[in-house]
Structures are given as structure tokens and as C-alpha cells.
Amino acid sequence: MINEIISMNGYGAYVWSAFSFTLISFVTLYFATKLQLSKEQKRFASKFGSLNVEKTKTARSQNINREILSNTSKV
Amino acid sequence: MFKYFEPNKIFAITSRSPKYILFLFIIVLTIGLTEALILSPEDYKQSDAVRIMYVHVPAAWISLGIFSSLALLSLGSFVFKNKNFALISKSLAPSGFIFNIIALVTGSIWGKPTWGTWWAWDARITSMLILALFYGMYLLAWRIYEDKEQAIKVTSMIAILGVINVPIIKYSVDWWNTLHQPPSINVLSNNSIHMSMLIPLCIMTAAFALFSLLIFLMKYNTELIKVKNKGLDRL
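Thresholds applied
- Numbering of residues begins from 1 in every chain and follows the order in which that chain's sequence is written.
- Each chain takes a letter, starting from A, and each ligand takes a number, starting from 1, following the order in which they are written.
- Local features are withheld for residues below a pLDDT of 70 in this predicted model, meaning they are given only at 70 or higher, and side-chain atom pairs are given and counted only at 80 or more; totals for whole chains, interfaces and linings count all residues.
- Excluded from the side-chain calculation are hydrogens and water; included are all heavy atoms of the structure.
- Helix and strand definitions follow DSSP, with helices as H or I runs of at least four residues and strands as E runs of at least two, each counted in order from the N terminus.
- Remark: exposure states derive from per-residue accessible area (1.4 Å probe, protein chains only) relative to the maximum for the residue type, with buried under 20%, exposed over 50%, and partly exposed in between.
- Shrake-Rupley sampling with a 1.4 Å probe provides the accessible areas, and residues are treated as covered by the protein chains on show and by no other component.
- Charge counting follows a simple rule: Lys and Arg are positive, Asp and Glu are negative, and His as well as the terminal groups are ignored.
- By convention, the charge on Lys lies at NZ, on Arg at CZ, on Asp at CG and on Glu at CD.
- Exposure above 30% relative accessible area and the lack of any salt bridge qualify a residue for a patch; like charges then connect within 9 Å, and the nonpolar side chains Val, Leu, Ile, Met, Phe, Trp and Tyr within 5 Å.
- In what follows, salt bridge is the name for a side-chain nitrogen of Lys or Arg lying within 4 Å of a carboxyl oxygen of Asp or Glu.
- Under the pairing criterion, centres of Phe, Tyr and Trp rings, with the six-membered ring standing for Trp, must be within 6.5 Å; the plane angle then separates stacked pairs below 30 degrees from edge-to-face pairs above 60, leaving the rest tilted.
- Two N or O atoms form a polar contact when they lie within 3.5 Å of each other; inside protein one atom must be a possible hydrogen donor and the other a possible acceptor, and for residues adjacent in sequence the pair counts only when both atoms belong to side chains.
- Every residue pair with non-hydrogen atoms within 4.5 Å of one another is taken to be in contact.

(A) Structural view of the overall build of chain A. Tallying secondary structure elements over chain A gives four helices and zero strands in all. Beginning at the N terminus, the succession of helices and strands in chain A can be written as α-α-α-α. Across the 75 residues in chain A, those meeting the buried criterion constitute 37%. Roughly 4,700 Å² of accessible area belongs to chain A as shown, and the carbon and sulfur atoms make up 60% of that amount. When the 10 positive and 4 negative side-chain charges of chain A are each reduced to one mean point, those points stand 12 Å apart.

(B) Representation of a nonpolar patch on the surface in the model. On the surface, M1, I2 and I6 of chain A together with I38 and L39 of chain B cluster together into a nonpolar patch covering about 560 Å² of accessible area. Contributions of two or more residues to the nonpolar patch are made by α1 (2-7) of chain A together with α1 (7-39) of chain B. Within the secondary structure layout, I2 of chain A lies in helix α1.

(C) Quick look at the packing of aromatic side chains. Residues and elements named next belong to chain B. One pass over the structure, following the stated rule, counts 18 aromatic pairs over all chains. Centroid distance F67 to Y135: 5.0 Å. Interplanar angle 90°. Geometry classified as edge-to-face. Pair noted here: F67 is in helix α2 (residues 53-80) and Y135 is in helix α4 (residues 123-144), with a separation of 68 residues, a long-range link. Y135 carries the same exposure label as F67, and that label is buried.

(D) Examining the side chain of T155 of chain B more closely. All names here are of chain B. With respect to the helices and strands, T155 occurs in helix α5 (residues 148-162). Classification of T155 as buried rests on a relative accessible area of 2%. A distance of 2.7 Å separates a polar side-chain atom of T155 from the backbone oxygen of A151. Residues in contact with T155, not counting those within four places in the same chain, are S74, Y138, A141 and W142.

(E) The arrangement of the pattern of salt bridges in detail. A complete count under the given rule lists seven salt bridges over all chains for this structure. Here D233 of chain B ties to K47 of chain A by a salt bridge, and the two come within 3.0 Å at their closest N and O atoms. One end of the pair, D233 of chain B, is in helix α7 (residues 195-234); the other, K47 of chain A, is in helix α2 (residues 12-49), on a second chain. Of the charged contacts, one joins E67 of chain A and R16 of chain B as a salt bridge, the two residues approaching to 2.6 Å between their closest N and O atoms. Pair noted here: E67 of chain A is in helix α4 (residues 63-72) and R16 of chain B is in helix α1, and the two residues belong to different chains. Each of K90, E223 and K226 of chain B takes part in a single network of salt bridges with overlapping partners.

See the structure below:
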């Protein structure tokens with residue numbers, strides 16, 4: 001059974017390479033995108049941390065900024 | 001109507017949904033791979049080589065769908081002067097490009113056992129390669145132009161020009177004599193594909209669509225945070 005799945009009637013090399021290429025592309029794109037996202041989140045958190053009290057208050061008044069910060073703490 | 005879809009309002013949803021979509025994608029992909037590699041029957045002519053269809057066809061469909069969306073959103077950003085459309089297009093493009101490359105590579109791998117060649121300058125394959133070039137130009141334009149307004153203009157023009165190629169890809173197998181087979185699935189008439197193959201194909205298409213949604217949401221969140229980073233500089 002396993003040998004049949006691996007050999008695919010002699011087409012195993014073609015079938016498995018096509019599926020492998022697809023899955024490797026998915027994994028690469030996923031991690032590259034995730035890395036970009038966490039980089040931006042960290043940059044945002046560090047910029048936010050360097051703001052003075054008044055600017056922090058202004059920035060915190062926006063929901064989206066609070067949301068980004070809450071997600072950044074989970075990274 | 002667009003005010004309900006403003007980034008500030010939907011960020012709470014777009015930032016939380018990727019983990020659920022990733023979970024759903026893994027489940028659907030596992031079912032799809034089991035169906036495609038084990039449960040679905042072999043073809044009477046192509047034998048097991050037909051299984052490549054389960055990655056090749058969904059990848060081609062989704063890359064075409066995403067490029068059509070890019071063109072539509074680009075037109076929308078011109079007409080409605082809505083920058084969010086440009087942000088959505090920019091976030092959609094990477095997964096569209098990857099699916100285009102997957103369709104080309106898996107098509108080439110499928111070509112060797114069925115046609116006896118890795119590549120042919122055939123109408124369908126060449127027009128798909130042209131689409132990959134348009135995707136490449138679109139992504140490159142976002143990197144080259146630092147001025148956002150100019151980047152939106154150039155990328156919109158690339159998307160609108162490139163969408164002319166989409167019907168050419170679709171009808172290339174009807175208009176020209178090609179190595180590529182004619183479509184087996186037709187929404188308006190009877191399909192020439194058996195249900196035992198159509199079901200895994202639909203499951204794999206759903207998995208690929210979920211993956212493109214996942215990448216889109218992650219990219220969109222990245223772009224929004226970039227905008228907000230610039231906003232903090234201006235405070």
C-alpha cells in the first residue's frame with residue numbers, strides 16, 4: 001500500500017515533486033509574511049515606547065493603536 | 001458604504017482572524033491531500049500523473065482570480081479615490097504571484113510525463129508566463145516608487161493593462177491549437193470530469209483559497225501597521 005502511494009505507478013517523482021514544491025512555497029510565503037508582520041509590530045512597539053506622556057496619550061486614544069499593541073505583546 | 005470597511009474599523013477583525021483561518025486551512029488541506037493523493041482514482045490515460053491536477057488547477061484559478069481582483073480594485077481606487085483599495089491590492093498580490101509560479105512549475109512537471117516535454121511555447125503556458133511577468137512588475141513597482149501616490153498610479157496601470165491577458169489565458173485553448181487540454185470544468189454546461197475527481201479538486205481549491213486569505217490578512221495587517229508607524233512619526 002505504502003509502496004504504491006510512493007511509486008504512483010511510476011509517476012511518483014513527478015507527483016511528489018509537484019506537491020512538495022507547492023507545500024514548500026506555502027511554508028516559505030507564510031513564514032516570510034509572518035516575519036514581516038512581527039518586524040513591523042516590534043518597530044511600532046519600540047516607537048510607541050519612545051513617545052512622551054502627552055503623545056502616548058494621543059496615540060492611545062486611537063483604537064487601532066491599542067489593538068496593535070495588544071497583538072504585539074503576544075508576538 | 002466604504003466607511004464601514006475603513007482600516008481603523010476592521011483591524012480588530014483582520015488582526016484576530018489569521019489564527020482561525022490557519023487552523024481551518026490545515027484541516028481542509030489535510031482532507032484535500034488525503035483525497036488527492038490516496039482516495040481519488042487514477043486516470044485511465046494519465047494514470048497517477050493526473051494527481052498533479054489537484055495542485056496545478058487550483059493554483060491557476062486562484063492566481064487568475066487574484067489578478068482580476070487587483071484590476072477591479074485598481075479601477076476602484078481610480079474612481080473612488082479610496083487608498084484602502086490600493087492597500088488591499090498590495091496585500092493580495094504576493095499570494096497571487098506565488099500561485100502563478102506554482103501553476104507554472106507544477107504544469108511543467110505535469111507536462112513531462114503527459115506531453116514528453118517540460119516546456120512548450122504554447123498559447124496557454126506562454127500567456128500564464130506573461131501573467132507572472134505582470135505580477136512581477138506589479139510587486140516591483142510597489143518597491144521602486146517611494147512616493148505612495150505615484151506607486152498607486154503605476155501599479156493600478158499595470159493591473160488594468162495586465163487584466164487584458166486574463167481572458168486570453170481563459171480562451172487560449174479554444175482560440176489556438178495548443179498542447180494544453182481544453183477546460184474540463186464549465187459552470188454553464190456539463191463537466192467532463194467525474195465526481196470522484198471533482199470533489200478533491202474542489203477541496204484543494206478551498207484550501208488554496210483559505211491560504212491566500214490567510215496571507216492577504218497577514219500582509220494587510222503589516223501594511224496597516226506600516227501606515228500607523230508613519231503616523232507615530234508625525235505625532
